[in-house]
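# An overview of the molecular structure
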Amino acid sequence: MSLLRVEGLRKTFKVKEGGGRDRTLFALNGVSFTVEAGETLGLVGESGCGKSTTARCLVRLLRPDAGHIWIGDQDIAALPEPALRPLRRRLQMVFQDPSDSLNPRLTVADAIGEPLALHFQLGPGERLARIRELLALVGLKDEHRDRYPHQLSIGQQQRVGVARALACEPELLILDEPTSALDVSVRGMVIRLLEELRASLGITYVFISHDLSVVRHICHRVAVMYLGAIVEIGPTDRIFSSPSHPYTEALLAAVPVPDPRQRRTRPILAGEVSSLVDLPKGCFFFARCPVRIDACATTPQPLREAGAGHEAACFLRVPERAAV
Amino acid sequence: MAKLLRIRDLHLRFPTFRGTVHALNGVDLTLGAGQILGLVGETGSGKSMTAYATVGLVPPPGRITSGVIEWNGRNLLRATDAELQRLRGQEISMIFQSPRTSLNPLFSIAQQFEIYQRAHGQAKGAAARAQAHGMLERVGIPDPRRVLRSYPHELSTGMCQRILIAMALSGRPRLLLADEPTTGIDVTLQAQILRLVRELVASQNTATLLITHDLGVVAEICDRVAVMYAGRIVEEGPVERIYGDPRHPYTQGLIASTLRVDEQKPIHIIPGVVPNLLVPPSACMFRERCPIAAATCAQLEPPIVEVSLGQHARCHFAADTGAFAAAERQRAQLAGVRPQDLTV
Amino acid sequence: MRRYYTAYLFRRNPLSIVGLAIVVLFAIVAFAAPLLITHDPMQPISGNASRPPSAAHWFGTDGLGMDIYSRVVWAARIDMVVAFASVAIAILIGVLLGALSGFAGGMTDDLIMRALDSQQAFPSYILALAIVAAVGQSIPNIVFVVAFVNYPIYARLVRAQMLSVKESQYAQAARVLGNPWWRMVFRHLVPNCLGPIYVQGSLNAGLALLLAASLSFIGLGVRLPTPEWGLMVSQGARQLVFGEWWISVFPGAAIFLAVLGFNLLGDGLADIFDPKQR
Amino acid sequence: MRVLRYVSKRLLFLGPVLFGVVTVVFIVARMLPGDPVHLLAPRDADAQTLAVIRTELGLDKPILAQFARYLTDIGRGEFGRAIHTGNPVLVDIANRFPATLELTILGLSLCILVSIPLGVLAAVRRNGPLDHVSRLTSLLGVSMPSFWLALLLIYTFFFHLDLAPPPLGRGPIGFDPPRVTGMYTIDTLLAGDLAGFATVVHYLLLPVISLALINMAPLTRLTRASMIEVLGSDYVRYALAAGVPRRVVQFRLALKNALLAPITMIGILVGNLLGGAVIIETIFAWPGLGLWAVTAATQSDYAPVQAFALFAATTKVLVYLLTDLAYFAIDPRIRY
């Protein structure tokens, strides 16, 4: 059985508009995917595609309007907070902005010690030993224990954030843009650390990022999102070398490559992401799609199997096969 | 090629309550007409300050302590505020990172356009409106008439950046300073903006200084690249040379640690942290993180060495291929080290 | 940490240290008042009314023949206590209400905010005047009224902070870690909402003092013969037209200095909590 | 019509706030410790009179019934009688409001005329001599008790320099211009009485200056801070980099943005005018609403105090509405 199974996740937000009208923003429109133990799934897409909303639903910072989030055999999508609390240990999150993700009034030891106090019955000696162990695990020294977040470098802050999540001994770690606030040299360090921890602890990641090069580096499988839906999902190599959905293709083509010899003449995707308020009737990508035909405007596009473990939501590129 | 802009030994300091921050520590930079130069470096390396210094807009309490900024043979550091102001917008224009906040929220786009046009004694009235309309069309804005009537909050980020580019280029400047113009913008939009900038500057033969931390962006549109570290340019040259054969250990580290979307490779780490610019290290600023640092590096300021035609590096060993083999070996070793064991 | 703040404060804004010194000085005067006075502050000396400053009466005597210096010193007890106590009460009510409003949101928030709107629709002097006129003029009543007029400021501040702190990543992290709501509120949210409260508290102590003194000045505060600065100024107001300046100038100067002290201190604290100012 | 929609929406908000205001007044009068009869009856009334007044005012009924009655009274414009003047409250308010209005309008106008330019210039020439002087005086100004400042002015300009009249109201005894608006400046001018106008201005001098000075410090400080913030914004940086002359940037582009915060503050100052007038009117024996309310309050004459509080709160709420409209006119982001 999969470690995490997400089915038909939907989430809307009310936005206040002038004149007393409230409008509905359709942030997630039926997101489904599974994550197997030990693998890393990447969620990619541009701003407003719903990747962060998905993350927030997974750790139940948000309550989805509809759908299921199976963690093992437990559906946490609609659990009330008290029932959810003991389960939170199994599913942790690392946040985007290291300096904002640590309570400025707690020392490193307090921050890492908090989940230990919440979820484990430890004596003071045991707890200290565990804190030391965690610090060493993420490459911080014992002397960092009594520091406050503002006394740490940004890289060190992110390590504390990781250690705090690991203190719960989670089965699944959601990484929400963990490297996008970091400079190149610090970013490399954090990515290496995450890889190392995955190897040594056998932990499962959901890695959310808009940075496709990082995703290619660290993920086993990738899901590409657009307007609150997954448009393509599959093994990383497959997605990056032969994408099936025109959006994935365009997205990959848009990422600049640090090699002047490859200066491109690739086509550039025109237009901007459409509004989440008036969702298109047919294919979500219709307005910007370079290969669209008239039928796309009215035909909704569900994911179709495009190969082993590879699905894409485009009936032009992925013809229906007899046996699915 | 005629040099349009020549910055020599520029020093910039920020007195703060904790001490003086040595933001720029001898920047040397040249830019020829029509060239696109990428200025790359990490946060706090002094990229933006170099651009601000060029147009005389260093935010207070920053102060240029020494150096020369030569524009067409004239030293801008001696120019009066009025002279600089005439220069800005007409000969040198600038665009910034956050397009939405760079436009005044209380004025319509047409009003803002008009203020800029008037500042440069350009056309007035109907002619001015026609010109604004034309510029907006040129930067690929559909329905310019509606956009001119709009206020910034009614427009998307991409639209705002196009408008800023249109304004910046409407005076046909000879130099465009672009300070992280696509940072924080989605990749598909970034691709549009970069292409737009490249086409426009090519058609007007505008020299461009593109400030970014993204080596991919530089490779995409720049002719030359300058790498900054701790308030100094450590290496500079044609993009093909720098990406193909970087000779400063920092440039090498930077390129090695940049991940690519088109291939999978082991990730490299530059150990250590950037120096504290309140007390900048003497001699070579990079030596504490450098895989090939030797005793000299702590004693002597590294000279600028021309390592190949038009490629300069500020390193004692820039011309020493033997040293580079050693650096290469060290990088290979680092790849096997657990990240926990590296100093942070 | 504390020591670091003080040093930092001093370097950034030396005037705030002056403010701190003034506030401490007034606190000392209030505590040591019995040792500092030269005459009984509430005992008229017969045949000695309205004398200008002299060796015997440093600040002169008032229209009833009481020693102004001793009264100014003694009044520090009442004025400082009113200022501190009313601010403390206002902060307590304000923080609790603001935190509740910001944390709970929804109907609770709406209800509390509308109540505050209604209360703040009154100019504060007028609300204070109306309440004092209704409940009577005792010192505890004055403290309560001043606190009641000021608490909405804190409530709004804390609520606004709460709304932003609630959105911070560390608050979200705390929830994901499995903190129950009370631990969220008291360990992660409220402590991080208090920064602006220190600033406002210091500035507001000055305002509270001014309000209390003003109430006494218009005859709706402390009653004679209790020494209180505002009341003393009003005692001298009529005599001023005849050139008897000392009766109102000295107590007025005391108010001015004390309020200045609170304001300077508040400015310095504001610098610490908002370094982009100045 | 977006403006109409906006206004009607704001007016809708007004209802609940005004209801709240009335409730607050009611609670203060009826539910605080103490018997409200004592507040609303003459001080020397005997037990029998008190009982009569109690039934007359319905104070023996349940609290909700009292509240309903209170609301209908207000609806019919019945606010009771001011014991210390013997007039119905509304009559007193109508008589005295012009005096207060004249004083406060002039005081505030003077304040705005000085503070806004001062704050803007201080910010533009930041750390210059003007900035230092204005910052120091503002700092001293916010700490100054208003009544003390007024007294010092009287002492200097009346007692010593003899430049101002004594603090005894709006004119010499017996001075009474023909009443049209009730505002003496306007009434004397309408009557063509220039000498009278001069007298009026003379008597207005110190109260107006006191009122202006009190409000100047916070307004100057806010204007300066707001302008400094705007001058450091991205759009100002962009305009400068685009070659717009510094002067144009400061006074055409930045000023509008910098004035948003002071407008709010002016709204607050205007809204609190009646509150500020209380002190100044007491000192200058100014026969306006503030003095009337203070006299009533010190004599336990509660009906005028209640009415005054209601009146002040209503004015403040209406002024805030005007502030909102000013914002609406300036800031396109608010339009709907």
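Okay, so let's go over this structure. Since the model is a prediction, treat every value here as computed from it, not as a measurement.

Parameters and conventions
Residues numbered from 1 in each chain as written. Chains lettered and ligands numbered in written order. Predicted model: local features only at pLDDT ≥ 70, side-chain atom pairs only at ≥ 80, totals over all residues. Heavy atoms only, no water. Buried < 20%, exposed > 50% of the residue type's maximum accessible area, 1.4 Å probe, protein only. Helix = DSSP H or I, 4+ residues; strand = E, 2+ residues; numbered from the N terminus. Pairing = 2+ DSSP bridges. Right-handed = clockwise from strand over helix to strand, strands pointing away. Contact = heavy atoms within 4.5 Å. Buried area = accessible area lost by both parts, 1.4 Å probe. Salt bridge = Lys/Arg side-chain N within 4 Å of Asp/Glu carboxyl O. Nonpolar A, V, L, I, M, F, W, Y, C, P; charged D, E, K, R; others polar. Expected span 1.5 Å × (residues − 1). Arc of directions from axis to C-beta. Axes fitted to C-alpha atoms, helices over the stretch in contact; angles between N-to-C directions.

## What about the pairing of strand 8 (residues 207–212) of chain B?
Residues and elements named next belong to chain B.
- Burial analysis of strand 8 places six of its six residues in the buried class, which makes it a mostly covered element.
- Of the two faces of strand 8, the one lined by Ala-207, Leu-209 and Ile-211 and the one lined by Thr-208, Leu-210 and Thr-212 are each fully buried.
- As paired strands, strand 3 (residues 36–40) and strand 8 are joined by five bridges and run parallel to one another. In the strand pairing of strand 8, Ile-36 is matched with Thr-208.
- By the bridge criterion, five bridges tie strand 7 (residues 175–179) to strand 8 in an arrangement that is parallel. When the bridges of strand 8 are listed, Ala-178 appears paired with Leu-210.
- Regarding the hand of the β-α-β motif, the stretch spanning strand 7, helix 8 (residues 187–204) and strand 8 is right-handed.

## Observations regarding the interface of chain A and chain B
- Of the residues lining the interface, 46 residues belong to chain A; the matching set on chain B comes to 53 residues.
- Taken together, the two surfaces of chain A and chain B that pack against each other cover about 4400 Å², and 55% of this comes from carbon and sulfur.
- Linking chain A with chain B are one salt bridge, by the criterion used here.
- For the salt bridge of Asp-259 of chain A with Arg-260 of chain B, the shortest nitrogen-to-oxygen distance reads 3.6 Å.
- When contributions to the side of chain A that touches chain B are tallied by element, the ones reaching two or more residues are helix 4 (124–137), helix 5 (154–166), helix 6 (184–201), helix 7 (212–218), helix 8 (236–241) and helix 9 (246–254) of chain A.
- A total of ten residues in the side of chain A that touches chain B trace back to one element, the largest contributor, which is helix 6 of chain A.
- Counted by class, the side of chain A that touches chain B contains 23 nonpolar, nine polar and 14 charged residues.

## Quick notes on helix 4 of chain A
Residues and elements named next belong to chain A.
- Helix length check: helix 4 (14 residues) gives 20 Å between terminal C-alpha atoms against 20 Å at 1.5 Å per residue, within 8%.
- Among the residues of helix 4, those classed as buried are Arg-130, Ile-131, Leu-134 and Leu-135. Summarising the axial view, the buried residues of helix 4 lie within an arc of 140°, below the 170-degree limit, and thus occupy one face.
- At the C-terminal side of helix 4, Gly-139 shows a positive phi close to 85°.

## Thoughts on the environment of Asp-271 of chain C
- Its location among the elements puts Asp-271 of chain C in helix 12 (residues 246–273).
- Judged by relative accessible area, which is 6%, Asp-271 of chain C ranks as buried.

## Some details on the sheet that holds strand 5 (residues 74–75) of chain B
All names here are of chain B.
- Pairing is antiparallel across the open sheet formed by four strands, whose spatial order is 2-1-4-5. Where the open sheet ends on each side, the last strands, each with one partner, are strand 2 (19–32) and strand 5.
- Alignment of strand 4 (residues 63–71) against strand 5, held across two bridges, turns out to be antiparallel. What sits directly across from Trp-71, in strand 5, is Arg-74.
- Relative to strand 1 (residues 3–16), helix 1 (residues 47–54) is tilted by about 110°, and along the sheet it contacts strand 1, strand 2 and strand 4.

## Details of helix 10 (residues 234–241) of chain D
- Most of helix 10 of chain D is tucked away: six of the eight residues are buried.
- Of all the positions in helix 10 of chain D, only Tyr-235, Val-236, Tyr-238, Ala-239, Leu-240 and Ala-241 of chain D are classed as buried.
- Tucked inside the fold, the buried residues of helix 10 of chain D contact strand 6 (92–95), helix 3 (99–102), helix 4 (109–119) and helix 7 (157–170) of chain B together with helix 9 (194–231) and helix 11 (246–258) of chain D.
- Just downstream of helix 10 of chain D lies Gly-243 of chain D, where phi reads positive at about 90°.

Keep in mind these numbers describe shape, not what the thing actually does.
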